[in-house]
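Tertiary structure, described
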Amino acid sequence: MQTILVLITFSIAAGFLLKKFVWNPIFEARQNSSGTLDGGKTKCGKKDCGCH
């Protein structure tokens, strides 16, 4: 019984770490592409800001 609980706990922890450090950075990098030249660090320069 104790071995099963340890395996479940380890699986949950490993899944959490994979989701946090592998899964999310891959898909957030694809979604956060911006239209500015410096990667979205400026307030102006996006296509829809109305300043150009």
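You'll find the protein chain entered in an unreviewed UniProt entry as ATP synthase F0 subunit B, with Aequorivita lipolytica given as the organism.

All right, on to the overall build of the protein chain then. A count of helical and extended segments in the protein chain gives one helix and zero strands. Burial statistics for the protein chain: of 52 residues in total, 2% are counted as buried. Accessible surface, the protein chain: about 5100 Å² in total, of which carbon and sulfur atoms supply 64%.

This next bit is on a nonpolar patch on the surface. Side chains of F16, L17, L18, F21, V22, W23, I26 and F27 sit close together on the surface and give an oily, nonpolar patch of about 830 Å² of accessible area. Relative to the elements of secondary structure, L17 occurs in helix α1 (residues 2–31). Taking relative accessible area as the criterion, L17 reaches 46% and is therefore assigned partly exposed.

What the rule picks out here adds up to zero aromatic pairs. Just above the ring of F21 sits the side chain of K20; from NZ or CZ to the centre is 5.9 Å.

What counts as what
- Throughout, a residue's number is its position along its own chain's written sequence, starting from 1.
- Local features in this predicted model are restricted to residues of pLDDT 70 or higher, and side-chain atom pairs are both shown and tallied only at a pLDDT of 80 or more, whereas totals for entire chains, interfaces and linings draw on every residue.
- Side-chain metrics in this entry use all non-hydrogen atoms of the structure; hydrogen atoms and water are not considered.
- Each helix is a run of H or I in the DSSP string that is no shorter than four residues. Each strand is a run of E no shorter than two, and both are numbered from the N terminus.
- Partly exposed describes any residue whose relative accessible area lies between the buried limit of under 20% and the exposed limit of over 50%, with all areas from a 1.4 Å probe on protein chains only and scaled to the type maximum.
- Using the Shrake-Rupley algorithm and a 1.4 Å probe, accessible areas are obtained, with residue cover drawn only from the displayed protein chains.
- Patches here: salt-bridge-free residues with over 30% relative accessible area, like charges joined within 9 Å, nonpolar side chains (Val, Leu, Ile, Met, Phe, Trp, Tyr) joined within 5 Å.
- Any carboxyl oxygen of Asp or Glu within 4 Å of a side-chain nitrogen of Lys or Arg constitutes a salt bridge here.
- Within 6.5 Å between ring centres, the rings of Phe, Tyr and Trp (the latter by its six-membered ring) count as paired, and their orientation is classed by plane angle as stacked under 30 degrees, edge-to-face over 60, tilted in between.
- Criterion for a charge above a ring: Arg CZ or Lys NZ at most 6 Å from the ring centre, at most 35 degrees from the ring normal.

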